[in-house]
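Each chain, written out:
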Amino acid sequence: MKILSLIIATVSLALAGASEQVLIEGGEYRPLYMSEDSPMQTVSSFYLDQYPVTNQQYLEFVEQNPQWRKTAAPSIFVEQDYLKHWDSDESFEAIAAESPVTYVSWFAADAYCQSQGKRLPKVAEWELAALASETQANGSLESGYKQQILTWYSKPSPKTLPSVGGSPANYWGVHDLHGLVWEWTEDFNSTLVTGESREDSTIDTKLFCAGGASGAVDPGDYAAFMRYGFRSSLEAKFTLSNLGFRCASDMKSANGD
Amino acid sequence: MWGKKLLVTLAIATVASVGAAKKLPVEDAVLTSPPNVPPAIERDHNARVVVHLETVEKVGTMADGVEYVYWSFGGSVPGSFIRVKEGDEVEFHLSNHPSSKMPHNIDLHAVTGPGGGAVSSFTAPGHTSTFAFKALNPGLYVYHCATAPVGMHIANGMYGLILVEPKEGLPEVDREYYVMQGDFYTKGKYGEAGLQPFDMEKAIDEDADYVVFNGAVGSLTGDNALTAKVGETVRLYVGNGGPNLVSSFHVIGEIFDTVYVEGGSAKNHNIQTTLVPAGGSAIVDFEVQVPGNLILVDHSIFRAFNKGALGMINVKGDEDKVVYSGKLSDAIYQPEGSAVQTMEGDYKVAKAQNKEDKIKFGKRVYDANCKACHQANGAGVTQAFPPLAKSDYFNEDPVRGIKAILHGLEGPIKVNGESFNSVMPAMKLEDDEIANVLTYVLNSWGNKGGEITVEQVQKVRQQKGH
């Protein structure tokens with residue numbers, strides 16, 4: 001099944017400069033903030049970029065879409081730090097070419113993916129893909145899985161980000177979901193973690209179908225807590241030094257039928 | 001730990017009037033890093049106090065050879081001390097450094113309002129949030145980060161103190177210091193060298209590896225010790241960031257003349273040990289009458305001698321033999337075991353390859369096990385702990401050192417002409433650790449040099465009786 005999916009994925013996209021995608025088989029996923037007896041959320045199969053989008057790839061996008069140049073992008077869509085690490089509209093230090101692009105807003109990331117006929121992954125899709133270890137679709141129970149992620153979260157970002165692909169592929173063939181940069185998701189702001197995380201358990205759960213920290217399935221999963229916490233601190237125009245993105249596609253569009 | 005810098009914030013007076021009911025004079029808060037406290041407030045009216053605080057994630061030193069990624073307010077653990085007056089309006093600007101991996105916020109227990117400011121100050125990396133509050137209640141309050149997962153943000157060092165002076169002010173004292181306890185959870189055990197990651201499981205189990213004052217082992221001892229002179233009054237602003245442990249705060253050799261219980265308005269007098277809850281505080285005042293070292297401890301005493309909760313106030317001045325004749329009575333607080341635990345599993349313990357290694361590793365063993373009594377400079381404490389520096393007792397026959405460590409030492413001995421009659425417990429150290437620490441001692445503080453081998457230690461260990 002996995003071999004088949006890889007073959008499909010390899011032939012699926014031939015856009016210049018676009019990251020290759022791999023199939024993530026759908027499955028059931030229990031959102032962090034659902035309670036033990038809440039229904040599992042079904043995630044359909046989808047395609048996900050193998051790597052985060054690099055500076056080089058983003059440059060090609062900007063060349064074709066000048067409205068997204070550093071000096072041209074409207075301020076309601078990007079903060080003033082947009083592409084801060086680029087020297088000018090169309091150049092950056094050579095060392096950064098294969099590093100993930102950062103200082104990009106949700107609007108910019110969304111436009112990039114759309115320009116390739118793709119879209120940003122949903123939180124549920126991202127989390128499902130990120131559950132995988134190198135050997136299992138759900139590697140979250142392997143010893144050391146959470147600690148490894150947590151160790152990365154606890155360190156400040158380096159001045160120059162490493163190139164993409166530095167970490168081994170996970171079960172699905174996807175690299176760098178953990179350990180390189182945070183990533184935008186399509187519905188990042190739908191998470192019901194507020195600025196006052198301790199109060200979230202009193203959010204009207206009937207209304208929103210979700211609760212707070214005390215209702216979490218696995219309160220020990222601090223790594224997931226931190227992703228949800230991070231996402232909830234964002235606004236769509238924010239551009240951060242350690243926040244990049246990758247694109248996803250539906251089964252249909254990726255298959256071309 | 002990261003240098004005692006005095007942070008004086010920059011003025012942004014232009015946004016000062018947001019939400020102010022009445023125009024108050026605007027002033028910038030003076031912020032200090034521990035153990036310093038901003039000067040007492042002289043003005044007799046209220047002001048709008050502007051505070052700029054930055055959250056920073058950076059590598060610091062937890063203990064000799066042990067590094068840790070601290071998350072902090074203002075670059076220090078505990079964070080910058082804030083001082084305002086009852087009735088002041090505080091305009092708070094929280095900036096999260098662009099290199100931060102995490103969003104942060106601040107919950108000040110001095111705030112009357114939902115979350116103590118947490119929602120209003122929730123800040124992504126590279127952003128600044130602004131909010132304002134009125135300091136309605138006087139007292140010494142903890143502030144901390146309240147971003148999910150709250151426990152981890154606190155465990156990494158995100159806490160500090162804000163003092164709201166009562167309208168009439170606090171009684172004047174000669175010296176004020178800022179001391180805040182915290183517990184830390186690392187993958188490696190106490191003293192294990194290297195960059196140690198946060199250990200979530202230990203934190204949930206409340207199984208602390210380090211319990212320290214001001215963020216690191218040794219931040220208030222040796223050259224970093226607090227100072228005072230005989231006859232002076234000293235005030236300690238004591239906080240406890242937790243995240244888990246309640247402190248039994250005690251100063252060996254002093255009685256607190258006044259304790260502002262739990263940092264509030266109730267005054268209690270003649271207190272030996274005061275409880276400082278996690279997320280709480282106490283203000284303690286005392287006059288120092290005799291010279292010597294006063295030892296700050298969490299009197300849950302294994303934390304002091306085995307996990308780092310030790311500080312020191314070095315008091316200089318003339319003896320008063322009536323108040324204190326000279327013999328210390330602190331021997332009862334000595335640990336019965338030692339800090340270094342048996343290694344298990346796959347840990348690769350570095351072995352000394354040469355004399356230089358031995359001295360280097362030996363210093364770590366010394367700092368973790370011996371320093372609390374024999375002192376960082378090997379000088380010991382008069383009439384309680386014999387000196388190791390230029391010690392005739394030790395230099396004459398270094399094997400005595402092996403015996404003392406392996407079997408303990410009690411009863412009268414004479415060192416450099418001074419008589420000692422106290423108890424040293426046997427230390428649970430490995431043979432190579434003993435060889436290392438004694439080699440370190442032999443090559444420090446004017447001692448005669450040379451080397452102790454593992455074989456020498458084994459020989460003594462095998463001898464029956466001693």
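You'll find the structure just up there.
Notes on the structure in this doc start here. Not measured: the values here are computed from a predicted model.

Rules used throughout
- Residues numbered from 1 in each chain as written.
- Chains lettered and ligands numbered in written order.
- Predicted model: local features only at pLDDT ≥ 70, side-chain atom pairs only at ≥ 80, totals over all residues.
- Heavy atoms only, no water.
- Phe/Tyr/Trp six-rings, centres within 6.5 Å; stacked < 30°, edge-to-face > 60°.
- Helix = DSSP H or I, 4+ residues; strand = E, 2+ residues; numbered from the N terminus.
- Buried < 20%, exposed > 50% of the residue type's maximum accessible area, 1.4 Å probe, protein only.
- Lys NZ or Arg CZ within 6 Å of the ring centre and 35° of its normal.
- 1 Å grid on protein atoms, 1.4 Å probe; cavity = no way out; pocket = protein on both sides within 12 Å on 5 of 7 lines; lining within 4 Å.
- Points joined across faces, edges and corners; volume = space filled by probe spheres on them.
- Nonpolar A, V, L, I, M, F, W, Y, C, P; charged D, E, K, R; others polar.
- Pairing = 2+ DSSP bridges.
- Axes fitted to C-alpha atoms, helices over the stretch in contact; angles between N-to-C directions.
- Salt bridge = Lys/Arg side-chain N within 4 Å of Asp/Glu carboxyl O.

Moving on, we come to the packing of aromatic side chains. The final tally for this structure, using the stated rule, is 28 aromatic pairs over all chains. Ring centres of Tyr58 of chain A and Phe245 of chain A lie 6.4 Å apart, and the angle between their planes is 85°; on these two criteria the pair is classed as edge-to-face. Taken together, the positions of Tyr58 of chain A in helix H2 (residues 55–64) and Phe245 of chain A in the loop between strand S6 (243–244) and strand S7 (248–250) put the pair 187 residues apart, joining distant regions of the chain. Taking the relative accessible area as the measure of exposure, Tyr58 of chain A reaches 0% and is therefore buried. Considering the side-chain rings of Trp86 of chain A and Phe92 of chain A, the 5.0 Å spacing of their centres and the 50° angle between planes classify their relative orientation as tilted. Of the two residues examined, Trp86 of chain A and Phe92 of chain A, each falls in the buried class. Connected via pairs of aromatic rings, a cluster forms that spans Tyr58, Phe61, Trp86, Phe92, Tyr112 and Phe245 of chain A. Arg231 of chain A extends its terminal NZ or CZ atom over the ring of Tyr228 of chain A, reaching a point 5.2 Å from the ring centre. Lying over the aromatic face of Tyr393 of chain B, Arg400 of chain B brings its terminal NZ or CZ to 4.5 Å of the ring centre.

What follows deals with empty space enclosed by the protein. Residues and elements named next belong to chain A. Inspection of the entire model under this criterion finds 3 cavities of 30 Å³ or more. Computed from the structure, the second largest cavity encloses a volume of approximately 80 Å³. Trp126, Trp152, Tyr153, Leu177, His178, Val181, Trp182, Glu183, Arg227, Phe230 and Arg231 together form the lining of the second largest cavity. Sorting the residues of the lining of the second largest cavity by element identifies helix H5 (145–153), strand S5 (182–183) and helix H7 (222–232) as the ones contributing at least two each. The element that contributes the greatest number of residues to the lining of the second largest cavity is H7, accounting for 3 residues. Residue composition of the lining of the second largest cavity, grouped by class: 7 nonpolar, 1 polar and 3 charged.

Residues and elements named next belong to chain B. The strand order across the open sheet formed by 6 strands is S14-S12-S16-S21-S18-S19, and the pairing between neighbours is mixed. Each end of this open sheet is capped by a strand with a single partner; those strands are strand S14 (210–213) and strand S19 (267–271). Going across the sheet, the axis of each strand differs from the next one's by a mean of 20°, ignoring polarity. In the sheet, strand S18 (residues 256–260) pairs with S19 via 4 bridges, with the strands oriented antiparallel. Across the sheet, the residue bridging to Tyr260 is Lys267, located in S19.

Here we take up the pairing of S18 of chain B. Residue and element names in this part refer to chain B. Of all 5 residues making up S18, 4 are buried, and the element is well covered by its neighbours. What sits between S18 and S19 in their antiparallel hairpin is a turn of 6 residues, with Glu262 showing a positive phi close to 55°. Pairing between S18 and strand S21 (residues 280–287): 3 bridges, direction antiparallel. Of the residues in S21, the one forming a bridge with Tyr260 is Ile283.

All names here are of chain A. Considering all chains together, one arrives at 25 salt bridges over all chains under this definition. Among the salt bridges present, the one from Asp250 reaches Arg119, with a minimum N-O distance of 2.7 Å. Of this pair, Asp250 sits in strand S7 while Arg119 sits in the loop between helix H3 (106–115) and helix H4 (123–130); the two residues are 131 residues apart in sequence, bridging distant segments of the chain. By relative accessible area, which is 40% here, Asp250 ends up partly exposed.

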